[in-house]
Structure formats: C-alpha cells, structure tokens
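So you can see what is in the structure, the chains are spelled out below.
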Amino acid sequence: MIKKTLYFGNPAYLSLKNKQLVVKLPEVEKNDLPDVIKKESVRTIPIEDIGVMVLDNQQLTITQGLMAALLDNTTAVITCDAKRMPTGLLLPLEGHTLYNERFRNQIEASLPLRKQLWQQTVKAKIENQAFCLQKNTPKSHAPLHVMARDVKSGDPDNYEAQAAVYYWKNIFKDRPGFIRAQEGEAPNNLLNYGYAILRGVVARSLVASGLLPIYGIHHHNRYNAFCLADDIMEPYRPFVDDLVINVRERMEIGETLTTELKREMLSIPVLDVRISGKRSPLMVAVGQTTASLAKCFNGEIRKIAYPEFV
C-alpha cells in the first residue's frame, strides 16, 4: 500500500483517537456552534496510512500521543520554519526487528564496500540526470552517459560534480547557465522544497530497513543527522527535477512558494519510476532501494537497486 503524504498549511488541532489522526479546526472549536456542526468538521485518517506529514504553520497544535503513534508507524514528520520552508525531520529511533544487527553491519562495512556502493550511487544519479535532460531539453545528454560509464570506485575523479555542472547549466531550456544554489533564485526554492520531501521519504525507508540515517557511505558532515539519506536520495533527485520542470510549464514560480506549488511537490512519493524492470511509485521504489542496501551491508548481495526513468 502506498502511504499518504499529508500537508497542513493552516491552523489546526492534531490529536489521536482510536489509532486515527484527528484534525479539528480552531475557528470551529472556539466558536459557539452546534455540536453536530463541530462533529461534521472533524476529519480522521488512519495512522497506518500515513507515510509523510508536513507541518507548515506556526499555529498547529499536535499532541504527544499523536507524535508517539506517528513515530511508531515510522512516519516521517517534516516541520517548517517561520518562512514556511522545511527545517526539521522527526523519525523513530527504531523501525526494524533486526535493528541492532543491521546497524552493526552498516557501521562495520569496509571502506572498499562503501566506495563501491558510492560508485553505484553516482552512476545511477548521472544516468538519471542524462534521461531527465534528454526528456526535457534538446541539449546533448551523451556527455553524461560517458561520465556515468567512467565513474570508478569511490568516484575519485569527482564525476558527480562534473556531471552536475553540465546538467544544471542545461536542464532549464529557457534558463541557459542556471546555477543550482541553496539560496539561489527561483526555481531553487521549489527544488529545495521537493528535495526536503524526498529526504523525508528516504530517511523513513532507511529506518524501516533497520539502517541509521546518520551514518553515510559518502557524506560525513558532523552537523548532518541524515548523511545516509543524503547519499541514497541522490539517484532520486532527477525525478524531483523533472517534476519541477513540469510545474514550471504550468505555473509561475516566484521567490515565495505558494500553497499550490507546495502541494505539487507532495506528489513526489507517487511519481512513476522503474526499478528492477517494473513500474513502481517512488515511495515503494525507495523501500526496495533501502532494503537492497541493507542486504549489501549484510553481504547477501553486491548491488543497490536504484530507479530509472519510465
């Protein structure tokens, strides 16, 4: 079953009752309205159906009971700052019955294995960038395929960065020379938002697979609590890029993201990808990717299952 991605952009009371998320509106609860109207305004959603929840309003109230139930369900809870951009990610400490064993395998993975896994990750990312470029622009994607072919163990030649320079320079056909930067001009802001949603989906699946998101195969920033999530999401980024390109063709993207634009990004978990030769929603594919990574750490297989464009 595909888990739901919920977005809360207005004030609301969020609580738990009978294993259901209960959503109440403050303006209804505070006003002297008939009980029947108040009852009809309440919405409930089974906790087990929720995969990602985005809290994007400073006047949201959420109970501890609900938070505990969401974490027990391995739900990724993304919080936003006063500027309404993702700023935090809450995940459970445990999400798998073999957590201790898998965590130990992850920590004790040899350097050659981590380098090989990073090589696979970079190759998959560059190949997906090539397909995204081919799909959306008339620019030649051949240089990216060449770079992907030449990536060595550990990517010592830093083809990931070389590919990124070529890719971002050409990916928006009406914006030649576009520069990808965290604080750059639009659509950098929409890319940032989409990547935050993707990061939550990947981190959630890592925990569900018994892995620790903080311990990466390549990223090792002492201030980053999601190094492994940032590693594993790399081949999935071009799918977010493709969605942003599609949104730009239909909607105007300003310096401040509208609720409508953010809702477009909530479709990321259900984007169509191809993995292991079959079509799959992105969220399901991520689960296959993290499960295969756990098997790589355990020595059962040697290759991570990564997605391709349909």
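Above this text sits the structure in question.
Residues numbered from 1 in each chain as written. Predicted model: local features only at pLDDT ≥ 70, side-chain atom pairs only at ≥ 80, totals over all residues. Heavy atoms only, no water.

**Student:** Could you give me a rundown of the packing of helix H5 (residues 111–136) against helix H7 (residues 159–170), with the residues and numbers involved?
**Tutor:** Packing of H5 against H7 leaves a shortest axis separation of 10 Å and a crossing angle of 15°. Put simply, H5 runs roughly parallel to H7. Of the two possible hands of crossing, H5 and H7 adopt the one that is left-handed. When H5 is examined against H7, the residues Trp 118, Val 122, Lys 125, Ile 126, Gln 129, Cys 132 and Leu 133 are found in contact with a partner set consisting of Tyr 159, Glu 160, Ala 163, Tyr 166, Tyr 167 and Asn 170. Counted by class, the contact of H5 with H7 contains nine nonpolar, two polar and two charged residues. (Axes fitted to C-alpha atoms, helices over the stretch in contact; angles between N-to-C directions. Helix = DSSP H or I, 4+ residues; strand = E, 2+ residues; numbered from the N terminus. Parallel < 35°, antiparallel > 145°, perpendicular 65-115°, else oblique. Left-handed = near helix turned anticlockwise from the far one by under 90°. Contact = heavy atoms within 4.5 Å. Nonpolar A, V, L, I, M, F, W, Y, C, P; charged D, E, K, R; others polar.)

**Student:** Describe the nonpolar core, listing the residues and the values that go with them.
**Tutor:** Val 54, Ile 126, Trp 168, Tyr 236, Leu 282 and Leu 293 are the most contacted members of the largest nonpolar core, which totals 77 residues. In terms of residue count, the dominant contributor to this core is helix H8 (residues 188–208) (eleven residues). Apart from the residues lying within four places of it in its own chain, the contact partners of Leu 293 are Leu 117, Leu 206, Leu 211, Leu 228, Ile 232 and Ile 304. If you look at the next biggest cluster of nonpolar residues, it comprises 16 residues, including Ala 12, Leu 14, Leu 21 and Val 23. (Core = buried A, V, L, I, M, F, W, Y, C linked by side-chain atoms within 4.5 Å. Buried < 20%, exposed > 50% of the residue type's maximum accessible area, 1.4 Å probe, protein only.)

**Student:** Describe in detail the packing of helix H4 (residues 99–107) against helix H12 (residues 282–298), supporting the description with residues and values.
**Tutor:** It is the contact of H4 with H12, at a shortest axis distance of 8 Å, that shows an interaxial angle of 70°. It follows that H4 is roughly perpendicular to H12 by the angle criterion. Considering how the two elements wind past one another, H4 and H12 form a crossing that is left-handed. On the side of H4, the interface is formed by Glu 101, Arg 102, Asn 105 and Gln 106, while H12 contributes Ala 294, Phe 297 and Asn 298. When the residues that make up the contact of H4 with H12 are grouped by side-chain class, the tally is two nonpolar, three polar and two charged.

**Student:** Break down the sheet that holds strand E2 (residues 12–17) for me, with residues and values.
**Tutor:** By way of backbone hydrogen bonds, the strands of a sheet pair with one another, either parallel or antiparallel. One open sheet holds the four strands; their spatial order is E4-E3-E2-E6, and the pairing between them is mixed. Edge strands, defined here as strands with exactly one partner in the open sheet, are strand E4 (43–46) and strand E6 (60–62). Sheet twist, expressed as the mean angle between neighbouring strand axes with direction ignored, is 20°. The pairing of strand E3 (residues 20–24) with E4 spans four bridges and is antiparallel. Bridging across to E4, Leu 21 finds its partner in Ile 45. (Pairing = 2+ DSSP bridges.)

**Student:** Lay out unusual backbone geometry in plain terms, naming residues and giving numbers.
**Tutor:** A cis amide bond links Ala 186 with the next residue in sequence, Pro 187, at an omega value of 10°. Positionally, Pro 187 belongs in the loop between H7 and H8. Phi at Lys 19 is positive, roughly 60°, even though this residue is not glycine. Judged by relative accessible area, which is 71%, Lys 19 ranks as exposed. At Asp 155, a position not held by glycine, the phi torsion is positive, near 50°. For Asp 155, a relative accessible area of 6% corresponds to the buried category.

**Student:** Could you give me a rundown of the environment of Ala 294, with the residues and numbers involved?
**Tutor:** Position of Ala 294 relative to the elements: it lies in helix H12. Residue classification places Ala 294 among the buried positions, given a relative accessible area of 6%. Here the alpha-carbon distance between Ala 294 and Asn 18, two residues 276 residues apart in the chain, equals 34 Å. Discounting residues that sit within four places of it in the chain, Ala 294 has contacts with Arg 102, Ser 209 and Leu 211.

**Student:** Lay out the pattern of salt bridges with the relevant residues and their values.
**Tutor:** Considering all chains together, one arrives at 13 salt bridges under this definition. Across the pair Glu 160 and Lys 125 runs a salt bridge whose closest N-O atoms are separated by 3.0 Å. With Glu 160 in helix H7 and Lys 125 in helix H5, this residue pair connects regions lying 35 residues apart in the sequence. Residue classification places Lys 125 among the buried positions, given a relative accessible area of 9%. (Salt bridge = Lys/Arg side-chain N within 4 Å of Asp/Glu carboxyl O.)

**Student:** Just give me the short version of the pairing of strand E10 (residues 278–281), but keep the residues and values in it.
**Tutor:** Relative to E10, strand E9 (residues 272–275) is paired through four bridges, and the arrangement is antiparallel. Looking at the pairing, Arg 274 lines up with Arg 279 of E10. Hairpin connection from E9 to E10: two residues lie between these consecutive antiparallel strands, with Ser 276 at a positive phi of about 55°.

**Student:** Go over the packing of aromatic side chains with me, naming the residues and quoting the values.
**Tutor:** The geometry of two aromatic rings is summed up by the distance between their centres and the angle between their planes. Under the criterion given, the structure shown has six aromatic pairs. Pairing Phe 239 with Phe 309 gives two aromatic rings, centres 4.4 Å apart and planes at 20°, and the pair type is stacked. Pair noted here: Phe 239 is in helix H10 (residues 237–250) and Phe 309 is in the segment after H12, with a separation of 70 residues, a long-range link. In this structure an aromatic cluster arises from ring pairing among Tyr 167, Trp 168, Phe 172 and Phe 178. Positioned over the ring face of Tyr 195 is Arg 237, at 4.5 Å from the centre of the ring. (Phe/Tyr/Trp six-rings, centres within 6.5 Å; stacked < 30°, edge-to-face > 60°. Lys NZ or Arg CZ within 6 Å of the ring centre and 35° of its normal.)

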